[in-house]
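Chain residues, written in single-letter form:
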Amino acid sequence: MNVSTSTTVASARRPTCAGCLRARSACICRHATPVSSKVELLVLQHPLEVGNAKNSARLLHLCLPGSRLLVGEAFDAVELAAQLHADGRTPLLLYPETPGEAALGLAPPPPIDEAMLAQPDRLRLVLLDATWRKSRKMLYLNPLLQGLPRLALRALPPSAYRIRKAHAPDQLSSLEAAAYALSQLENRPAHYAPLFDAFNGFVEQQSERFRA
Ligand SMILES: [Zn+2]
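Residues numbered from 1 in each chain as written. Predicted model: local features only at pLDDT ≥ 70, side-chain atom pairs only at ≥ 80, totals over all residues. Heavy atoms only, no water.

For the rest of this paragraph, the subject is the coordination of the zinc ion. On the protein side, the zinc ion has Cys17 (SG), Cys20 (SG), Cys27 (SG) and Cys29 (SG) as donor atoms, found 2.2 to 2.4 Å from it. With four donor atoms in place around the zinc ion and angles of 103 to 113° between them, the coordination shape is tetrahedral. Binding-site remark: the zinc ion is held by donors from one chain whose sequence spacing is C-x2-C-x6-C-x1-C. Residue Cys17 is located in the segment before β1 (40–45), and its partner Cys29 is located in the segment before β1; the two are separated by twelve residues in the primary sequence. Cys17 gets classed as buried once you look at its relative accessible area, which sits at 12%. (Donors = N, O, S within 2.8 Å, 3.2 Å for Na, K, Ca; no water. Tetrahedral: all angles 85-135°; square planar, octahedral: opposite > 155°, others 65-115°. Helix = DSSP H or I, 4+ residues; strand = E, 2+ residues; numbered from the N terminus. Buried < 20%, exposed > 50% of the residue type's maximum accessible area, 1.4 Å probe, protein only.)

So this is what it looks like as structure tokens:
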């Protein structure tokens, strides 16, 4: 497991922003709006996403002061366990149950303990920041993740994500998925509205950049 570095986001020759790790000319920090959360967020980012300018996970991490972002594909089990259960929180994986998991040799996830959902300040939401295929691979390579109860999102509005083709029909950006999941777990959608504003600003900036 390695901590993310700036090397693939910004060329070594250009000055890099210490906040978002992008080239200063492409800095997205102005969109970051701090939003407190009861549920703590842990983002496990696939290494291929680190240099993806359209990736929203870094912005998400910047918006949620208590969140953690780790980069890796196959994580060291001891380290991952420590991250999942840090501060005695119970981890929940934001991931749909999909057909074909048994064929891959994946163990079925344990059910969610409903009593646990009543205590958001004891929960940790775990998000896999990767393409659909890579997220499956991360699940496959990390049995600890297979052993987590899964959270599925309830009905959602259509994604506002215009800048990257989704890899599954209803796939949201990482930031949107986390924002919806946190609102669902804490039952306070209005509190998380600033995350969507941050995301819209980010999408606008990326669209301008990639249109040019
Ligand atoms: Zn920045």
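Moving on to unusual backbone geometry. Of note in the backbone geometry, Asp87 takes a positive phi value of approximately 60° without being a glycine. As for its placement among the helices and strands, Asp87 is situated in the loop between α3 (77–84) and β3 (90–94). With a phi close to 50°, Asn187 is a non-glycine residue in the positive phi region. Locating Asn187 in the fold gives a position in the loop between α7 (174–186) and α8 (193–211). We classify Asn187 as exposed; its relative accessible area is 65%.

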